[in-house]
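Observations on the three-dimensional arrangement
Letter by letter, the chains look like this.
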Amino acid sequence: MTGRWALLAASCVLAVVMSAMVLAVATYEGRAARDRARGPVIAETARDAVAWWASRFDAVGGLQHSVVFVEPLDASAPPPPGLTRWPAPGEAMLSPELLRRGATEEVRTRYGRFGGLIGPEGLLSPSERLAYVRPPTSPNAVERESWLPITGFGRPFPLVETLDQRDLSEVLLALGTFTLVPALALMAVAARRAPRTGNRTGPRWRRALTGLGEEVPPLVIGSVAGGLVLVLAACVDLPVPATGYVLNSADIRAAWPLGCAAILTSLTTGLVLVAAPRRTARKTPEARTDDQTAQKGDREAERGPGAPPYSVPKRRLVACALAVGTVALSQYFPPAGKLIAFAVGTAGLWVLLPSAATALAVSGGRELARRGADSGRPGLLTGGLRLAVRPAPFVRLFTALVVLLGVLTLIQIWEGRIGDTARAALTTERRIGDTLLVVRTAGHPDLERFSRALPRTSALAVLTIGEDGRLATLVGPCRTLRMLKLPCTGALVPGNHEDDRLKELRSWYGIRTLTGQVGRGRTERTRNLVVVVSDTRGQYPRVARAAYATLPVMETTAPGGGWIDGAVRRTGLGTWLTLLGLVGVFALLQAAWIGFAEDRDASGPAAWWHLTVPLLAMTALVTVITAWHGLFLISITAGGTLPWPVLTTTAAACALLAIALGLFHQRTRPRIQMSRIRQRPPFMRRWPVRKPPASGKRSGTCSEP
């Protein structure tokens, strides 16, 4: 990749990252405006109300969404934003995403007759799941206890879409850490590789601007190409890959000044990095005095021009080992000090990692050089020598990947903690599914009507819980009791502890003693719950439709269903982090390609040992260190999982980069002559330089096929 193509690619990546930050800011502003517009304004008294309003929860595909019940008192009052009219009695208005996702779960008719779609001005995003429902009959005085009298709309109100919403500052911080910093690193590498022509004399500002005109076109083209993301998002509702979230194009169009400023900032950053003064080459030995040549020439002969020293101070390696030990032993600290010890060890590990990586690279390069000299393989010798003399590029890439993946892994593990209750809910879902559902109602529902509307494989009972919450009785017909393996008798009988559904019911509602009785239950108190039992799974959509059609439903869920929704949403957060992490890894690997592809010293057979083998070893180390580090945090927090998609994708990309670099440098296959290697480190001085024979044949010259 030439210097100008590298500039074009780097400027495009930087512009895309800046555009992503603009998308985040514009989306949050639009969501906040629509959230304020659709929230109910609660009336001080019922006399001032123009409508009754209530928010409930339901689930489609394992994810909860809001179901808003409305009952207008004044037909001339403005309907909620996104609706052109108030729903008719028994009618429901759905968001497009809810209608699409719930097609297989009969959500179109779950809440009543389908009355139309909710407009985009009434949704926080095109991907929001929301329903406005008007009950078939007006709520009575008892049912209105769970409703709110409202005078209109215009204040924020928390619905499901906003419950787990992160602050904008957290989103921008994640974008900056995982994408902006790697993009700036890529831009800096491309700027250093850009060709500079013209007169290099004169004032510093003139030298900085020399040849800049040739580098402006690729920067401009790349910035414009990256800005096309904003143009596309402003024209259509653009889905974010792998997350299920859809951007609102109206929000992006409203933020066009911010978008233009972001693209100009990206272009200006590239120009500044390209025009920045570069490190000049060191003076040659011929330009030095005899004393300088005698002193500095020996050091350069040992180290190589501009190369780091061979040895790393032992105190740094000892400190790095102590940091590793602190991380490993943090799980044995007292509970209050586990996270503190882990954080201290992690900070020390990341700070001292370059020293350990340098020592490892130098040792590995020395070993390769020794093996190459002993076996007479000049490619192995030269590759090992160059790795030992110049390990800095590998150390920088290794450290950047470890820190980036480490931060991503730790955040995802921390945010992925679901707790013991959520894990118990997932276990319950696997054991009984939706074969036992609990319906909470308001007022005095007509259970006979609800029973007739249930599917044939389902039956209901009423769970009457005592005042202390420890004693409960399941009252229902013989059919329901037999499905739960309970005897059909009018007397109170102990519950059967062999049925998994009864076990889960007792566990989730804190019931110590559960009895069964034949009879007709009534829900006269809020602690009385309607229990629906089914022989087969997959009955939730039909049960929910029957409940919404016949009961003043407050909630229909399986035991622990609310905790399952929280666990699923935390998994969705991990998907966002994975996406950002992969973008950052792509930028770092692109920077590595630009740097290594322009390395003219690595060519022919030496490229495999100088680039491919070290990069493959680095890939394995990065994966092992990140996984090892994350496992200790999992053991401390007792929750979370490793982001294997990011780790495996990064490992595959690094391996592909290593092989591609080896094949790329195979295009040039120079003849390697041992006697022309000017930099001979101390560990190679014991090997004599071969002299050409008297016949004139260059036996000291080797080449590999």
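Everything quoted here is computed from the prediction, not taken from an experiment.

Describing the confidence of the model for the protein chain
Here the protein chain averages 83 in pLDDT, while 83% of its residues score no lower than 70. Overall, residues 669-680 carries pLDDT values under 50, and its contacts beyond four positions in sequence, including any with other chains, amount to 31 contacts. Scored below 50 in pLDDT, residues 695-705 shows 23 contacts in the model against residues more than four places distant or in partner chains.

Things to note about the sheet that holds strand 4 (residues 91-94)
Ordered in space as 1-7-2-3-6-4-5, the 7 strands form an open sheet in which the pairing is mixed. The strands lining the two open edges of the sheet, one partner per strand, are strand 1 (40-42) and strand 5 (113-117). Across the sheet, the axes of successive neighbouring strands diverge by a mean angle of 40°, strand direction being ignored. By the bridge criterion, 3 bridges tie strand 4 to strand 6 (residues 130-133) in an arrangement that is antiparallel. Residue leucine 94 lies in a different strand from strand 6, and its bridge partner there is alanine 131. Packing of helix 18 (residues 540-550) onto the sheet brings it into contact with strand 2 (51-60) and strand 3 (63-72), and relative to strand 2 it is tilted by some 165°.

Points about the state of the cysteines
Tallied over the entire structure, the rule returns 1 disulfide. Two residues share a disulfide in this structure: cysteine 478 and cysteine 488, whose sulfurs sit 1.5 Å from each other. Taken as a pair, cysteine 478 in helix 16 (residues 478-483) and cysteine 488 in the loop between helix 16 and strand 11 (493-494) lie far apart in primary sequence, 10 residues in all. With a relative accessible area of 22%, cysteine 478 lands in the partly exposed category. Taking the relative accessible area as the measure of exposure, cysteine 488 reaches 35% and is therefore partly exposed.

Some details on the environment of proline 445
Its location among the elements puts proline 445 in the loop between strand 8 (436-441) and helix 15 (447-453). Residue classification places proline 445 among the buried positions, given a relative accessible area of 14%. Along the backbone, proline 445 and valine 553 are 108 residues apart, and their C-alpha atoms lie at a distance of 9.1 Å.

Conventions used here
- Counting starts from 1 at the beginning of each chain's written sequence and moves along it residue by residue.
- Selection of residues for local features in this predicted model requires a pLDDT of at least 70, selection of side-chain atom pairs for listing and counting requires 80 or more, and totals for whole chains, interfaces and linings are taken over all residues.
- Hydrogens and water molecules were not included; the side-chain quantities draw on all heavy atoms of the structure.
- As a per-residue measure, pLDDT tells how confident the predictor is, with possible values from 0 to 100.
- The criterion used for residue contact is that any of the two residues' heavy atoms lie within 4.5 Å.
- When DSSP locates at least two bridges between a pair of strands, those strands are taken to pair.
- Note on conventions: DSSP H or I runs of at least 4 residues are helices, E runs of at least 2 residues are strands, and numbering of each starts at the N terminus.
- Here the axes come from fitting lines to C-alpha atoms, over the contacting stretch only for helices, and the angles between their N-to-C directions go from 0 to 180 degrees.
- Count a disulfide wherever a pair of cysteine sulfur atoms falls within 2.5 Å.
- Classification of residues uses two cut-offs on accessible area relative to the type maximum, computed with a 1.4 Å probe and protein chains only: under 20% is buried, over 50% is exposed, and between them is partly exposed.

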